[in-house]
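Structural overview
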Amino acid sequence: MAETDEEVRMTAWVRGHVQGVGFRWWARSKALELGLSGAATNLEDGRVEVVAEGDRPSCERLLEHLRGERTPGRVDSVVERWARPGGAFNGFVER
């Protein structure tokens, strides 16, 4: 397996007008298209946390979508963290 195909966990915190606009549903849809598992969760401070597990190129592509211009609502910033996958997810859920 090539280094770029390693399994990873990408956690992204998305700030902006991202709650109440279908953002979690949209993020779930993009993640499933990419074959990723994980969750999109509304946080109390107004951000959405997106946790995705899968191969690194697919997680990077999801991150590009999160930072892109075609998101629901308005994204002001995205901060990400990379880690080893925990394997805790089955499918991709909205919380």
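For the structure itself, consult the block above.
About the cut-offs
- Residues take numbers from 1 onward in each chain, read along the sequence in its written order.
- Only residues with pLDDT of at least 70 get local features here, since the model is predicted, and only at 80 or more are side-chain atom pairs given and counted; chain-wide, interface and lining totals rely on the full set of residues.
- In computing side-chain properties, one takes all heavy atoms of the structure into account and sets aside hydrogens as well as water.
- Runs of E in the DSSP output that reach at least two residues are strands. Runs of H or I that reach at least four are helices, and both are numbered from the N terminus.
- We compute the radius of gyration from the C-alpha atoms alone; for a globule the expected value is 2.2 Å times N to the 0.38, where N is the number of residues.
- Here, nonpolar core refers to any group of buried Ala, Val, Leu, Ile, Met, Phe, Trp, Tyr and Cys residues whose side-chain atoms link them within 4.5 Å.
- Relative accessibility decides the category of a residue: with a 1.4 Å probe and only protein chains considered, values under 20% of the type maximum give buried, values over 50% give exposed, and everything between is partly exposed.
- The contact rule is simple, with two residues in contact once any of their heavy atoms fall within 4.5 Å.
- For a helix, the expected span equals 1.5 Å multiplied by the residue count minus one.
- Taking the helix axis as origin, the arc is that swept by the directions to the C-beta atoms.
- Salt bridge, as used here, is a side-chain nitrogen of Lys or Arg placed within 4 Å of a carboxyl oxygen of Asp or Glu.

Each helix and strand counted, the protein has two helices and five strands in total. Along the chain direction, N to C, the helices and strands of the protein fall in the order β-α-β-β-α-β-β. In terms of overall dimensions, the protein is globule-like: its C-alpha atoms have a radius of gyration of 12 Å, near the 12 Å expected for 95 residues. By principal-axis analysis of the C-alpha atoms, the protein measures approximately 40 × 25 × 20 Å.

This part is about the nonpolar core. In this structure, F23, V50, L62 and L66 are the most contacted members of the largest nonpolar core, which totals 20 residues. Breaking this core down by element, the ones donating at least two residues are β1 (7–17), α1 (23–33), β3 (48–55) and α2 (56–67). With residues up to four places along the chain from it excluded, the contact list for L66 reads A12, V14, F23, W26, A27, V50, T71, V75 and V78.

Along the polypeptide, S77 turns up in strand β4 (residues 74–83). With a relative accessible area of 29%, S77 lands in the partly exposed category. If near-sequence neighbours (up to four positions away) are discounted, S77 is found in contact with W13, V14 and R15.

Before going further, it helps to examine α2. Taking 1.5 Å per residue, twelve residues should reach 16 Å; α2 reaches 17 Å between its end C-alpha atoms and fits that length. Where α2 is concerned, the buried positions are S58, C59, L62, L63, H65 and L66. One side of α2 carries all its buried residues, which in axial view fall inside an arc of 155 degrees. Those residues of α2 hidden inside the fold are in contact with β1, α1, β3 and β4.

Assignment of secondary structure puts S37 in strand β2 (residues 37–42). Taking relative accessible area as the criterion, S37 reaches 15% and is therefore assigned buried. Ignoring any residue separated from it by four or fewer positions in sequence, one finds S37 in contact with V51, A52, E53, F89, G91 and F92.

What follows concerns the pattern of salt bridges. Evaluation of the coordinates by the stated rule reveals six salt bridges. Among the salt bridges present, the one from R47 reaches D45, with a minimum N-O distance of 2.7 Å. Note that R67 is salt-bridged to E80, the shortest N-O span being 2.5 Å. Of this pair, R67 sits in helix α2 while E80 sits in strand β4, placing them 13 residues apart in sequence.

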